[in-house]
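Examining the three-dimensional arrangement
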Amino acid sequence: MKEQLADILDQVLRRNPGEREFHQAVREVFESLEPVLRKNPQYVDAAVLERLCEPERQIIFRVPWVDDSGRVQINRGFRVEYNSALGPFKGGLRFHPSVYLGIVKFLGFEQVFKNSLTGMPIGGGKGGSDFDPRGRSQGEVMRFCQSFMTELYRHLGEHTDVPAGDIGVGGREIGYLFGQYKRITNRWEAGVLTGKGLSWGGSLVRTEATGYGTVLFAERMLGTRGQSFDGRRVVVSGAGNVAQYAIQKAQQLGGHVVGCSDSTGYVLDERGIDLPLLQQVREAERLPVSVYAERRGATFVPGRRVWEVGAEVALPCATQNELDEDDAAALARSGVLAVSEGANMPTTPAAVALLTEAGVLFAPGKAANAGGVATSALEMQQNASRDAWSFEYTEQRLAGIMHAIHDRCLTTADAYDAPGNYVVGANIAGFTKVADAMLALGVV
Ligand code: NDP
């Protein structure tokens, strides 16, 4: 079986040259699957893995728009409709200069397993553009979003493909995208995008869901060792949507959050991060975290990673491969108890190995950050029934989902002789549900 897996992986590497992040994501899942394939030869016979590594559909398109000085700008748009065995393609859009096909495919691949783990009827997809919203005016962002949707709209639909936000795509961008979709199609079709504003079809708790979910997962994980967030020193990377609400929930649970970051460096604030001030700087004024440090009288360390300050709980909530072996070693030396991934694939494979060896509780993103997409599915439910739920009820649903994912990972890991290994648990539980659906649906 090992050789078979190696052959398939080889094929994936050859057929998708240069897509480094995609290779990494596939390799990481394959490493858990050997015992599953041994027990279930039907997956091998039906070439489920080969099929899973090939997205159902990949759309790449030109996004032309005019900047404020009248110059024509060209970006590249992507939507990878990865797998729809469990439901319509579902997954966010990322606007960041680093976006290329390999990033979108890695995110789409991860999304398939994550969405499966939520237990909800959603398939996996992901999209985005190499557009950089930073430094762009409101008008430029709007024109870009309108041009992006002018191509994308024909591929979407509540039963087909339902995007949401990701890095660089928040409430503002979803608004412009939804507006253009509505204009082109002449349909007020709430179920076509999630992360919408509350007055036009959005769900309470969706904004908070990914960060909250990551912390709720970590809390449950700490609970297996009789520990909790209460009084713990916490560091978070990033200062965007996921980071902000991870900070909020960690603080609500009694955690002392002393650090956060962005692409310019990190803030160390031993008094504890002042979230309203951070949100004023990042959300309202769209400024870097150094401005927060300045106003707060905290320390700003440029060009370095926040992990070096040490913590008992670490929450990587920025981007892929942002916590490497050296960072993991620094965290382990500082006595870290748990690492819970709010971002997608933020911890490098060597760092995961080091943390696992050191006995640190480690929650992979496909399980720990699934609260965002799960609440998107709750938004779709509310849209379908033309209803709007209360904050308390929706948060209760989110907590129930995160606890169920946690417990599913744990029991699956146990069943496959890897007790306490959430990576193995998440990969196997996520995989088997999709694989069974693919078998049932035939070769399509
Ligand atoms: P935001 O755009 O709101 O925030 C991203 C944050 O990460 C910013 O602080 C940004 O800093 C920092 N960042 C981005 N790229 C880099 C980089 N290359 N190096 C260092 N820092 C970087 O995005 P989100 O909070 O929505 O997303 C964060 C992560 O969470 C991503 O991995 C995303 O895929 C994942 N995720 C998000 C979900 C959601 O619901 N939003 C759901 C599940 C996962 P700066 O502004 O300086 O670039």
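Each residue is numbered by its place in its chain's sequence as written, counting from 1. With pLDDT at 70 or above as the cut-off, local features in this predicted model cover only qualifying residues; side-chain atom pairs require 80 or more to be listed or tallied, and sums for whole chains, interfaces and linings still use all residues. Values shown for side chains rest on all heavy atoms present in the structure; no hydrogens or waters enter the calculation.

**Let's talk about the UniProt feature "binding site: NAD(+)" (unreviewed entry) in the protein**
Taking the UniProt record as the reference, the feature "binding site: NAD(+)" (unreviewed entry) is found at Thr 210 and Asn 241. Look at the named residues: they lie 32 residues apart in sequence, but the longest C-alpha span between them is just 8.2 Å, so in the fold they bunch up. Looking at where Thr 210 falls in the secondary structure, it is placed in helix H8 (residues 206-223). Between buried and exposed lies partly exposed: a residue is buried under 20% and exposed over 50% of the maximum accessible area for its type, with that area taken using a 1.4 Å probe on protein chains only. Residue class for Thr 210 comes out buried when judged on its relative accessible area of 10%. The contact partners of Thr 210, leaving out residues within four places of it in the chain, are Val 242, Gly 342, Asn 369, Gly 371 and Gly 372. Mapped onto the elements of the fold, Asn 241 is located in helix H9 (residues 241-252). Only 3.0 Å separates the side chain of Asn 241 from the backbone oxygen of Thr 207, close enough to count as a polar contact. UniProt positions are given in the numbering used here, feature names are shortened, and annotations may be inferred rather than shown by experiment. Helix and strand definitions here come from DSSP, where helices need a minimum of 4 consecutive H or I residues and strands a minimum of 2 consecutive E residues; each element is numbered from the N-terminal end. Contact criterion: two residues are considered in contact whenever any of their non-hydrogen atoms come within 4.5 Å of each other. Think of a polar contact as two N or O atoms within 3.5 Å of one another; within protein, one of them needs to be a possible hydrogen donor and the other a possible acceptor, and neighboring residues in sequence only count if both atoms come from side chains.

**Observations concerning the domain arrangement of the protein**
All domain edges in this entry derive from an automatic or database-based domain assignment. On domain assignment, one finds that the protein holds domain 1 (2-188) and domain 2 (209-363). Put simply, the middle of domain 1 and the middle of domain 2, counted by C-alpha atoms, are 26 Å apart. With 14 residues of domain 1 at the interface, the matching set in domain 2 holds 10 residues. For the pair domain 1 and domain 2, the summed buried surface comes to about 890 Å²; carbon and sulfur atoms form 43% of the total. Buried surface area refers to the total accessible area, computed with a probe of radius 1.4 Å, that the two partners give up upon joining, counted for both partners together. Among the residues domain 1 hides against domain 2, the three largest losses belong to Gln 24, Phe 106 and Arg 172. Together they make up 43% of the total.

**Some thoughts on the pairing of strand S3 (residues 89-95)**
The buried count for S3 comes to seven of seven residues, which makes it a mostly enclosed element. For two strands to count as paired, DSSP must find a minimum of two bridges between them. Note that S3 and strand S5 (residues 161-164) share four bridges and pair parallel. Its bridge partner lying in S5, Lys 90 is registered against Val 162. Here S3 runs beside strand S4 (residues 124-129); their pairing, made up of three bridges, is parallel.

**Focus on the sheet that holds strand S12 (residues 361-363)**
Spatially, the seven strands line up as an open sheet ordered S9-S8-S7-S6-S10-S11-S12, and their pairing is mixed. On the outer flanks of this sheet lie strand S9 (299-302) and S12, each paired with one strand and no other. Taking each pair of neighbouring strands and ignoring which way they run, the sheet shows an average axis angle of 15°. Pairing of strand S10 (residues 313-316) with strand S11 (residues 338-340), which is carried by two bridges, proceeds in the parallel orientation. Each residue of the ladder has a partner; that of Ala 314, found in S11, is Val 339. Under this scheme, a helix contributes an axis fitted over its contacting stretch, all axes are lines through C-alpha atoms, and angles between N-to-C directions fall in the 0 to 180 degree range.

**Re the site of the ligand**
Taken together, 24 residues surround the ligand, and among them Asp 166, Thr 210, Asn 241, Ser 263 and Asn 344 come closest. Between the ligand and Arg 134 there is a distance of 3.4 Å, counted from an oxygen atom to a side-chain nitrogen or oxygen. At 2.9 Å, a backbone N or O of Val 242 approaches an oxygen atom of the ligand. For the area figures, the Shrake-Rupley method with a 1.4 Å probe applies, and any residue is considered shielded solely by the protein chains shown. About the coverage of the ligand: the protein hides 83% of its 890 Å² of free accessible area. Amino acids outside the nonpolar list (Ala, Val, Leu, Ile, Met, Phe, Trp, Tyr, Cys, Pro) and the charged list (Asp, Glu, Lys, Arg) are all regarded as polar, and Gly is one of them. When grouped by side-chain class, the residues that make up the shell around the ligand number six nonpolar, 12 polar and six charged. The rule for a residue being near a molecule or strand is that one of its heavy atoms must lie within 4 Å of it.

**Observations concerning the packing of H8 against helix H15 (residues 371-384)**
Between H8 and H15, whose axes approach to 7 Å, the crossing angle comes to 150°. The crossing of H8 and H15 is right-handed. On H15, the residues that touch Arg 206, Ala 209 and Thr 210 of H8 are Gly 371, Gly 372, Val 373, Thr 375, Ser 376 and Glu 379. Partitioned by chemical class, the residues of the contact of H8 with H15 number two nonpolar, five polar and two charged. What makes a crossing left-handed is the near helix being turned counterclockwise from the far one by less than a right angle; a clockwise turn instead makes it right-handed.

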